[in-house]
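Chain by chain, the residues run as shown.
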Amino acid sequence: MNLRSLLDSSHKVPLGLVLHRGNMRMALIALSLAGVSIFFVGLIALRAYMLDNLILSARTVAYGVEAAVVFNDREAVMESMKQMIASRPIASASIFDRDGDELAHWERPETGGWLQFELILAKILLIESATARIQQNGQVVGTVKLYGSGRDLLIYLAISIGCGLTCLVLSGLVASRYSRQASQEIIEHLRHLASVAAIARREQQFQYRVKPTAIAELHELGDDFNALLEELESWQTQILGHNELLAHKANHDPLTGLANRALFESRLDAELLAARASGGRLALFFIDADRFKVINDELGHEAGDSVLCIIARRLRSKIRESDLVARLGGDEFAVLLTPLKDVSQAGRIACNMLESMIEPVELPIGEPLTTSLSIGIAIYPDHAIDAAGLLKKADEAMYQSKRSGRGVFSVAANTTSAVA
Amino acid sequence: MRSFFAPSVLFLIGGIAVAGALRVEQSNAASTDIGTQIARLVSGVIGYSRWPTPPDTYRLCVVGTSNYFNDAIVGFDKIGARGWSIRVITVDDAGATANCDLLYLGTMTAPQKRKLLANTSGRPVLTISEDDPVCADASMFCLAINGDDVGLLANLDSISRSGIRINPKVLQLVRRKQGQQ
């Protein structure tokens, strides 16, 4: 079960992407902050270094050209100055004698558009010129003026940008890798949780549990989820139990525990349908306890109830697994025999039932008493082909039994057999 | 003066003496007068020179005819030189050089110059010739006056013989010129 399919995938963003974006943003911000601050610190340091360097260069030149300046040798001035500054980051240089006349001037040969750019950089950072006095024996004999070029700045800028980009790419890759790792674990667990939820929802299977995980919040979520599942499971069990109980109550007689009229009628309809389809037969017994009203009146309801319970137990003991005994109300019982081979089978069962009543009934108080039954039998499809018809025929047969002296069973269509 | 500047016999003689020529480049921008320039050069040379026993006062002797010397004296005043004494001696009074630390030679005949210079040999006397454009004579330094510009030439042989130690910076300049020649 995919987490994404649980959500509305058209508007929702996967967790992995959210984490990935977050991590990338973090990496970018951290790197930018660090990079920018290091860049500026570096720039400040470089500027100080360049200024120092320029001043130092000016002093070196001043020292180097001293003699040449003293002896007014322009060529020598130019040559030694060139020697000293050609390899240094200097854009142009001038040497003046003590009267301020220029003895020599040197300019870095133009190297593409870079020099202009270097000069602009130098200007921006206020590294322009440095001056040093040329002294002989404590006497000033001239000055050196150097104009710095931004060559070092340019190199620094290029290296900074290069390193910055490289770091950006590297940290992007690392961040993406780690975020994938982290999100993998989270997503794995969430998917597992989602699948458990889906099973619970679709199949009402509450016995599965979310596995524990190392991530605290997810673990907590899983625990809560498991607790919820447990509650759902116990609720479901309870509800099923209640339902069963209610169904039982709705379909059974509370006193004897036998099926009630409603259940009996629905069973009868179902069995009739089945018999009609298969061409089989079934028997319907209508049973009435003889002299029950007298027992009830003389010995009390309690005794009557006991008698009813014993009758129910004895009737039930005489039928097969596939048959059904029901109490229709008062002292009336009904039996459904299915499948039925022939009428004689029904007769045998009815005989057994009548015989089972010979044994006296033990009452909670007072003497044991004997009771008997009157049984009316109707056979499908011999006597009727529908429930109402069968019930009517069986009822008639039962009254037939009563009339012929109780303790007997009668089969519909006036066929009567007497037993003892 | 300028007549000597052209290639001449003297130049050929100068080829024998190892002359480091600190020739001054042509410049139209020279605004400082020659006297001041000479004063500066002379004081510059003194600044780069170390006598075996440093004199308390530099005794500067001027000999011969000088076109610029009067200007130079004004120049010395101008650059505010201290601790100098300037004395003019006659060309034939070679003995007078005994009390000189520095000998400024103006225009004179070659024998006169030879005699003067011979008289200073063996003593630490710094010699500067005004009138020797290729520095072929035995003086240590020579002025190279070209228009309004004054340069300095050096004669390394004379320098090494003089007993005065010249700052290597100067010698380097000279050697550079030698290498170019």
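Draft legend 1. Summary view of the state of the cysteines. A complete count under the given rule lists 2 disulfides over all chains for this structure. Two residues, C61(B) and C100(B), share a disulfide whose sulfurs are 1.7 Å apart. The sign of the -100° torsion about the S-S bond sets the C61(B)-C100(B) disulfide as left-handed. Note that C61(B) is positioned in strand 3 (residues 58–63) and C100(B) in the loop between strand 4 (84–89) and strand 5 (102–105), a separation of 39 residues in sequence. Judged by relative accessible area, C61(B) falls into the buried class, the value being 1%. With a sulfur-sulfur separation of 1.9 Å, C135(B) is cross-linked through a disulfide to C142(B). Linking C135(B) and C142(B), the disulfide has an S-S dihedral of approximately 80° and is accordingly described as right-handed. Using a relative accessible area of 0% as the deciding quantity, one classes C135(B) as buried. Across chain B, the disulfide pattern expressed with sequentially numbered bonded cysteines is 1-2, 3-4. Its sulfur unpaired, C163(A) is 6.1 Å from the next cysteine sulfur, which belongs to C167(A).

Draft legend 2. Representation of the pairing of strand 3 of chain B within the structure. Residues and elements named next belong to chain B. By the bridge criterion, 6 bridges tie strand 3 to strand 4 in an arrangement that is parallel. Bridge pairing links R59 to S85 in strand 4. Sheet topology note: the strand 3/strand 5 ladder contains 4 bridges and is parallel. Looking across to strand 5, one finds that C61 is bridged to L103.

Draft legend 3. Structural context of the nonpolar core. By size, the foremost hydrophobic cluster in this structure holds 70 residues, and its most contacted members are I95(A), I38(B), L126(B) and F141(B). Take this core: its biggest share by element is 12 residues, from helix 2 (residues 15–70) of chain A. Those residues in contact with I38(B), other than ones at most four positions away along the chain, are Y68(B), A72(B), Y104(B), L143(B), I145(B) and V150(B). With 35 residues, the next largest nonpolar core counts L315(A), I319(A), L337(A) and M353(A) among its residues.

Conventions we followed
- Residues numbered from 1 in each chain as written.
- Chains lettered and ligands numbered in written order.
- Predicted model: local features only at pLDDT ≥ 70, side-chain atom pairs only at ≥ 80, totals over all residues.
- Heavy atoms only, no water.
- Disulfide = S-S within 2.5 Å.
- Helix = DSSP H or I, 4+ residues; strand = E, 2+ residues; numbered from the N terminus.
- Buried < 20%, exposed > 50% of the residue type's maximum accessible area, 1.4 Å probe, protein only.
- Pairing = 2+ DSSP bridges.
- Core = buried A, V, L, I, M, F, W, Y, C linked by side-chain atoms within 4.5 Å.
- Contact = heavy atoms within 4.5 Å.

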